[in-house]
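Residues per chain, in single letters:
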Amino acid sequence: MTSTPAGFGPGGRGVWCSDASPGTVRRLGQAGFDWVCLDMQHGTYGRAELLEVARLWHGTPADLVVRVPSAEFTGIGLALDAGAAAVVVPQVDSPEQARAAVEAASYPPLGRRSAGQLTPTWGEPATDLGTTNDQVVCAVMIESAAALDRVEEIAAVEGVGLLFIGPNDLALTLGSTVDGLLDDRTADSALDRITAAGRAAGVPVGAYGGDPATAARFAARGIDCLAVATDLWVTATGAAQALR
Ligand code: 3PY
Ligand code: MG
């Protein structure tokens, strides 16, 4: 019996890629991860590198996810035009910003995304614009004290497909550490507040773990869609294993 990959959603296990190496990224997409995220905010991906990966992606089982550089309208559309299954929008601090991200990621009537697919230019079938909004995930990053303050309102914005926790920035703005967030078991802990907001709105919650041990700690806090490794972690771990 074959199981359906979880993709970028509940139960999805992904790898986060900062180093714009299309061959490596494609291998990771074939390795069994449910999703592969190209980081255009902090990684070395520019538009040319994104397009190179997207052209090679056809037939790769993992969902192609793009963390866009910012919440800016055009960048979100470009990633989706290239065929990304999901965008991860950084630093969304308010319901207004969440609504703007959804508008950029969705065709009318939900949003204002402009029709301009790139996949047919490299020989793939065109997608049906009428059903695309339901297939594309617009994930907003919860990674500041301001976002935490309004996370219930952000989760309730129509079209927000996933709340994705950026623990490093969240910890920075809360004056804590990633370990501090994970160890905080108080009734008003940041992680519990975010997961409760997601549950109340029917929106899944994910997080950047970065390595399997940290990701397992997020999973133990009920966070379900996880970056369990990075491309750099995979390379470093493989190198260490080979040298042993
Ligand atoms: C964070 O932890 O702040 C992130 O954005 C993950 O890359
Ligand atoms: Mg961040």
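Residues numbered from 1 in each chain as written. Chains lettered and ligands numbered in written order. Predicted model: local features only at pLDDT ≥ 70, side-chain atom pairs only at ≥ 80, totals over all residues. Heavy atoms only, no water.

Enquirer: Before we move on, could you go through the site of ligand 1 and cite the residues and values that matter?
Expert: Inspection of the region around ligand 1 gives Arg-67, Met-141, Glu-143, Gly-166, Pro-167, Asn-168, Asp-169 and Tyr-208 as its neighbouring residues. Note that an oxygen atom of ligand 1 is positioned 3.1 Å from one of the side-chain N or O atoms of Glu-143. In this structure, Asp-169 approaches ligand 1 through a main-chain N or O atom, which is 2.9 Å from an oxygen atom. Here ligand 1, which alone exposes 230 Å², has 93% of that area covered by the protein. (Near = heavy atom within 4 Å. Polar contact = N/O pair within 3.5 Å; in protein donor to acceptor, adjacent residues only side chain to side chain. Areas by Shrake-Rupley, 256 points an atom, 1.4 Å probe, with all protein chains shown as cover.)

Enquirer: Explain the environment of Arg-185 to me, and be specific about the residues and the numbers.
Expert: Mapped onto the secondary structure, Arg-185 falls in the loop between α9 (178-183) and α10 (190-201). Sequence-wise, Arg-185 and Pro-167 are 18 residues apart; in three dimensions their C-alpha atoms are separated by 16 Å. (Helix = DSSP H or I, 4+ residues; strand = E, 2+ residues; numbered from the N terminus.)

Enquirer: Any chance you could break down the coordination of the magnesium ion (ligand 2) for me, citing the residues and the numbers?
Expert: Around the magnesium ion (ligand 2), the protein contributes the donor atoms Glu-143 (OE) and Asp-169 (OD), at 2.1 Å from the metal centre. Here Glu-143 is found in the loop between β5 (137-142) and α6 (145-149), whereas its partner Asp-169 is found in helix α8 (residues 167-174), with 26 residues between them in sequence. Residue classification places Glu-143 among the buried residues on the basis of a relative accessible area of 3%. Here Asp-169 falls in the partly exposed class, since its relative accessible area comes to 24%. (Donors = N, O, S within 2.8 Å, 3.2 Å for Na, K, Ca; no water. Buried < 20%, exposed > 50% of the residue type's maximum accessible area, 1.4 Å probe, protein only.)

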